[in-house]
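So the chains spell out like this:
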Amino acid sequence: MAPATLTSTDPVLAEFAADIGADGPIAVAGGRTRWELGGALADGTRVVAAPTGIVEYIPDEMTVTVRAGTTVAELHRTLAERGQRTGLPDRGGTVGGALAVGENDLRALGRGPVRNALLQIRYVSADGRIVSSGGPTVKNVSGFDLPRLMVGSLGTLGMLGEAILRTNPIPPHARWLAAEGVDPGEVHEVLLAPSAILWDGETTWVQLEGHAADVDAQRLVLDGLGSFRTVDLDDSDALPVELPANRWSCTPAEAAGFGTGVGADAGRFVAAVGLGLVFAERPQPPRVLAPAAAVVSERLKQNFDPTGRCNPGRVVGGR
Amino acid sequence: MLERLKRRARGGSGYATGDPFVAALQDAIGPDRVKVDGAHKALLSHDASVFEGGNAGPVCYPDSTEQVQTIVRLANEYGRNVVPRGAGTGLAGGAIPLGAPVVVAVTRMDRILEVDTVNRVAWVEPGVINLDLTKRLTPTGYHFAPDPSSQQVCTIGGNVANNSGGPHCLAYGVTNAHVVALELVLPSGEAVILGGLDAEPTGYDLRGVVVGSEGTLGVVTKVAVRITRNRPEVRTLLLSFSEVRDAANTVSDVIAAGIVPAAMEVMDQRITEAVENYVGAGYPRDAAAVLLAEVDGQADGVDIDADRIAEIGRANHATDVRLAGSDEERALLWKGRKTAFGAVAQIAPDYYLHDTVVPRRALADVLTEIYAIADRHEVLVMNVFHAGDGNLHPLLIFDGREEGVLERVHAAGEEIITASLDAGGVLSGEHGIGVEKQKFMSRMFTDDDLDHQNRLRQAFDPGCRTNPGKVIPSGHSCADIQALRSVPREVWV
């Protein structure tokens, strides 16, 4: 019997690999929403686009196979027709971009982090081969976890071509609430499973999702803390507050006290309490990798991309 | 030298082996922490798997990161390999020492260092028993979500190595989703924290690749695990079916309906009978299959979901649908499920346990195929599995003294793996590759795929000194048959 390997038979992926080839500096552009992350791309780098399209969507399996150049918006439109979504944030970019960048949705408490959404990845290696890792099922411990490594790798280890993502049901009911002068940490403490808690130092916005009766019950809990009002949004996927430009990664405790200790000079901010993400007027001070982690990271880069052709100029971590 | 002789005179365990590496280890971390006697080495040459080819070198019981670093550095100095080990409950041979390496048993590193309910993490040492953490967390209203059936004895370090699952990982995710940071002693001997408590730690996700790496990338010495808020309401349903296929289809239809229960477990009639004879958990003996489905959350939502699951079960010809009426009843049902393999141990001389995953919609067909495979090879098969995520655990029952039976069991096992892969499944859902499934890796991955896995491994361990001969096929794979006589009563999956 023929082996049932994960080998791709998709001619579109083979074409992508052929386009990337095995020589010369190369980068894949998605929606360029986070194009400067990790440093500027080296001059003379050939920029290509990843293939597009949803290959296979199996709603009753809660998985979707999608080519990396597909926009997150298109993917989520298709999934929404069957009442599902993924943990990938929609900032106008592509699936491959969202995975390569690895940044989470501000509502990751409810949707899960990006790194947990990726089940299988196919990428083109620095020497032009198609490599598959992970697996198509929702549970899998077969071999080393290259999908985890690829999330947030900024395309420095290989060019993402196709992903199998875990989908999740969109809860039947969702509601944003807001109140002034409540302690966001306390909000996090009293609620069972909020999808998001945003806080700008004055106003706290809470997203509750679930069965309508459960949402109502959680709303009653919130009423014990302050005077919450319902926030009506024209776009059900929008956030109730505009975000400052700079992304900070903090601990949940730091986010709940942002602006006092951590972020004292950050200017206007919106913190995702419980998650630890913060958007602030001024950028986060540079974060540095531990020396031993930097050594492993450099070796990884060397092992996966010996000639340094994948996204030259970009460095993951340490910037 | 004098001090060394004094220690020797005090009768440190097996000091006088003449091996300068052992002497160096004992000098560095204390003679009572280094065992070289035959009993220890024999014990730690095995885990709970089928593999018999283990050969432990010195066995070390460090109690700090520094001691682990010392062991690893000395191993480098003396050119010896290192194998980390937790409770040894693994079922794929991942902790089996190959080639007499130093075994780093982390069982004495069993402190819960910090419980932080603000950041919702607990820092623990790798030797902490899975269930002990959840017990410690109970008064705080939190728990550690991964709940492998071995949770009374398996360690968090082992859970990290295997990316362990458990019945309740259906809704909450397997171990990788519950580890935010870890301290790793690299094969170089340096200690480093990977990941972090912050939302998006900088750098490559080295934390993420260490989880599930089966102890090949270093020795994990501390883990920051995510702690999960206990849900106030739980509903546990027991659905009975006259066909296994109907139970499998119910599972698939529940997921298709957009419900993600906390757990969905199926047991077939043979195993249900074994469980009833063993613990009397209240399962029906006359059903071809039972489905244990649990939903948790808030009061209204769990009632809605429980009703819908019951409805879907009836639409799939459930002969009986029962809601556990009390915490005691629920606990008893779970006790039955979690001791399923202990129950089998009471009735069968030998078994071989498999672990594959198939797409949920393929469950019914693959199960039918598995029964047919077992029939063809004249071995008995029982099925108890994490149905919600398609994770099958076919259990081949036999008497190893019967001539030719082992060949038939191996042949059936191989066909089960092939059937799972052909259905779009994967080699392992939670037991890992270890040595057991190395030879099947090339069925799932191409040489290019495996080459890249190897590149990842070598970025951490360029000399392949940590748990060598595992996961990636290297010609050392071996499979043998587990003799239940040597396995404790609470056998697990």
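Structural data are supplied above this passage.
The following refers to the structure shown. None of these values were measured; they are calculated from a predicted model.

1. Things to note about the overall build of chain B
- Within chain B one finds 17 helices and 21 strands.
- Relative to a compact globule of 493 residues, whose C-alpha radius of gyration would be 23 Å, chain B shows 23 Å and is just as compact.
- Expressed as lengths along the three principal axes of its C-alpha atoms, the size of chain B is roughly 80 × 60 × 45 Å.
- Taking all contacts inside chain B whose residues are at least 6 apart in sequence as the whole, residues at least 24 apart take part in 72%.

2. What about the pairing of strand 16 (residues 277-280) of chain A?
All names here are of chain A.
- A two-sided burial pattern is seen for strand 16, the buried positions comprising Leu 277 and Phe 279 on one face and Val 278 and Ala 280 on the other.
- Taken together, the four bridges between strand 14 (residues 246-249) and strand 16 define a ladder with antiparallel strand orientation. Across the sheet, the residue bridging to Ser 249 is Leu 277, located in strand 16.
- Pairing analysis gives four bridges linking strand 15 (residues 269-272) to strand 16, with the strands arranged antiparallel. The partner of Ala 271 across the bridge, within strand 16, is Val 278.
- The hairpin turn running from strand 15 into strand 16, its antiparallel successor, is four residues long, and Gly 274 in that turn takes a positive phi close to 90°.

3. Focus on the sheet that holds strand 8 (residues 179-185) of chain B
Residue and element names in this part refer to chain B.
- With respect to topology, five strands assemble into an open sheet ordered 5-6-10-8-9, the strand pairing being antiparallel. Each end of this open sheet is capped by a strand with a single partner; those strands are strand 5 (112-116) and strand 9 (191-195). Taken pair by pair, the neighbouring strands of this sheet meet at an average axis angle of 15°, ignoring direction.
- Alignment of strand 5 against strand 6 (residues 121-124), held across four bridges, turns out to be antiparallel.

4. Observations concerning the packing of helix 10 (residues 291-304) of chain A against helix 17 (residues 447-460) of chain B
- Contact geometry of helix 10 of chain A with helix 17 of chain B gives a least axis separation of 8 Å together with a crossing angle of 150°. On the basis of the axis angle, helix 10 of chain A is roughly antiparallel to helix 17 of chain B. The interaxial crossing formed by helix 10 of chain A with helix 17 of chain B has right-handed handedness. The residues of helix 17 of chain B that touch helix 10 of chain A, namely those facing Val 296, Arg 299, Leu 300, Asn 303 and Phe 304 of chain A, are Arg 455, Gln 458, Ala 459 and Phe 460 of chain B.
- Per-class residue counts for the contact of helix 10 of chain A with helix 17 of chain B are five nonpolar, two polar and two charged.

5. Notes on the packing of helix 9 (residues 244-256) of chain B against helix 11 (residues 299-315) of chain B
All names here are of chain B.
- For the pair helix 9 and helix 11, the least separation of the axes is 9 Å and the interaxial angle reads 135°. Compared by their axis directions, helix 9 and helix 11 come out oblique. Relative to helix 11, helix 9 is oriented so that their crossing is right-handed. Only Ile 309, Ile 312 and Gly 313 of helix 11 make contact with helix 9, whose side of the interface consists of Thr 250, Asp 253 and Val 254.

6. So, the interface of chain B and chain A
- Chain B puts 75 residues into the contact, and the matching count from chain A is 65 residues.
- Among the elements of the structure, strand 9, helix 8 (206-210), helix 9, helix 11, helix 15 (405-422), helix 16 (441-444) and helix 17 of chain B are those that each provide at least two residues to the side of chain B that touches chain A.
- At ten residues, the largest contribution of residues to the side of chain B that touches chain A is made by helix 17 of chain B.
- Class assignment of the residues belonging to the side of chain B that touches chain A gives a composition of 31 nonpolar, 27 polar and 17 charged.

7. Digging into the sheet that holds strand 8 (residues 159-166) of chain A
Residues and elements named next belong to chain A.
- On the basis of which strands lie adjacent, the open sheet formed by five strands has the order 3-4-8-6-7 and antiparallel pairing. In this open sheet, the two edge strands, each paired with only one partner strand, are strand 3 (54-58) and strand 7 (130-134). On average, each strand axis in the sheet is inclined to that of its neighbour by 10°, with strand direction left out of account.
- Alignment of strand 3 against strand 4 (residues 63-67), held across four bridges, turns out to be antiparallel. In the sheet register, Glu 56 faces strand 4, and the bridge partner there is Thr 65.

8. Focus: the nonpolar core
- Counting residues in hydrophobic clusters, the biggest one holds 207 residues, and the most contacted among them are Leu 160 of chain A together with Cys 60, Val 104, Leu 291, Val 344 and Leu 396 of chain B.
- Other than its neighbours up to four places away in sequence, Leu 160 of chain A contacts Val 28, Ala 50, Ala 68, Gly 96, Leu 99, Ala 100, Ile 121, Tyr 123, Met 150 and Gly 155 of chain A.
- With 34 residues, the next largest nonpolar core counts Ala 108, Trp 199, Phe 258 and Val 270 of chain A among its residues.

What counts as what
Residues numbered from 1 in each chain as written. Chains lettered and ligands numbered in written order. Predicted model: local features only at pLDDT ≥ 70, side-chain atom pairs only at ≥ 80, totals over all residues. Helix = DSSP H or I, 4+ residues; strand = E, 2+ residues; numbered from the N terminus. Rg over C-alpha atoms; globule rule 2.2 N^0.38 Å. Contact = placed C-beta atoms within 7 Å. Buried ≥ 20, exposed ≤ 12 C-beta atoms within 10 Å, placed from the backbone. Pairing = 2+ DSSP bridges. Axes fitted to C-alpha atoms, helices over the stretch in contact; angles between N-to-C directions. Parallel < 35°, antiparallel > 145°, perpendicular 65-115°, else oblique. Left-handed = near helix turned anticlockwise from the far one by under 90°. Nonpolar A, V, L, I, M, F, W, Y, C, P; charged D, E, K, R; others polar. Core = buried A, V, L, I, M, F, W, Y, C linked by C-beta atoms within 7 Å.

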